[in-house]
Amino acid sequence: MKQIRNTQAKTEILNIINNSEVALSHADIQKQVGDLCNRVTIYRVLERLEKEGNIHKITNVDGVVNFAKCSHACHTEEHTHDHIHFNCEKCHTVICIENVVPVISLPENFSISSYNLVISGVCPKCR
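Q: Just checking my understanding: could you explain the environment of lysine 57 for this structure?
A: As for its position among the elements, lysine 57 is in strand β2 (residues 55-59). Overall, lysine 57 belongs to the partly exposed group, its relative accessible area being 44%. Distance in space between the C-alpha atoms of lysine 57 and asparagine 116 is 8.8 Å, their sequence separation being 59 residues. Not counting residues up to four positions away in its chain, the partners in contact with lysine 57 are Glu50, Val65, Asn66 and Phe67.

Q: Help me out: how do you make sense of the sheet that holds β2 in this one?
A: Pairing between the strands of a sheet comes from backbone hydrogen bonds, and it takes one of two forms, parallel or antiparallel. Strand order in the open sheet formed by 3 strands is β1-β3-β2, and the pairing between neighbours is antiparallel. Single-partner strands in this sheet number two, and they are β1 (24-25) and β2. Sheet topology places β2 next to strand β3 (residues 65-69); 5 bridges connect them, and they run antiparallel. Within the sheet, the bridge partner assigned to isoleucine 58 lies in β3 and is asparagine 66.

Q: Help me understand the environment of aspartate 28, please; the structure alone is not making it clear to me.
A: As for its placement among the helices and strands, aspartate 28 is situated in helix α2 (residues 26-33). At 3.0 Å, the side chain of aspartate 28 and the backbone nitrogen of serine 25 are in polar contact.

Q: I'm lost on the pairing of strand β5 (residues 94-97) in this one. Help?
A: For a regular strand, side-chain orientation follows a simple rule: the groups alternate between the two sheet faces. In this sheet, β5 lies alongside strand β4 (residues 84-88) in antiparallel orientation, the contact comprising 4 bridges. Across the sheet, residue isoleucine 84 finds its bridge partner in β5, namely isoleucine 97. If you look at the hairpin formed by β4 and β5, you'll find 5 residues sitting between the two strands, and histidine 92 has a positive phi there, around 65 degrees.

Q: Can you walk me through unusual backbone geometry in this structure?
A: The general pattern is negative phi for most residues beyond glycine and trans for most peptide bonds. Of note, the phi angle at histidine 92 is positive, near 65 degrees, even though the residue is not glycine. Counting through the fold element by element, histidine 92 comes out in the loop between β4 and β5. When its relative accessible area of 46% is taken as the criterion, histidine 92 is described as partly exposed.

Reading guide: rules and limits
Residues numbered from 1 in each chain as written. Predicted model: local features only at pLDDT ≥ 70, side-chain atom pairs only at ≥ 80, totals over all residues. Heavy atoms only, no water. Helix = DSSP H or I, 4+ residues; strand = E, 2+ residues; numbered from the N terminus. Buried < 20%, exposed > 50% of the residue type's maximum accessible area, 1.4 Å probe, protein only. Contact = heavy atoms within 4.5 Å. Pairing = 2+ DSSP bridges. Polar contact = N/O pair within 3.5 Å; in protein donor to acceptor, adjacent residues only side chain to side chain.

This is the structure we're talking about:
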């Protein structure tokens, strides 16, 4: 089994994501990390954290990729994100809505491996 490498950058980025109530873009993370590491290192760390089952990606309605913490059910072999993501049209935050599970029915012979469901509207703060 491959050993999971922990670096100061990885630890700090994971803490930033875990302590955030909203999904964060690469730019958001880079602002918070400061001079600890460069943008390429941040991309590599985000990729590693996703592969390890610590975070998941959400592509918002503007095409920006955001990152949010995974639930306890995720691990290296499987991400389980059967929830929706809400994208606020005013403040552009992306929020995981865990307590709403969409039901998706596909025609025969189709199988789902993953989906990214983003609902767009106005969040409570902007309302």
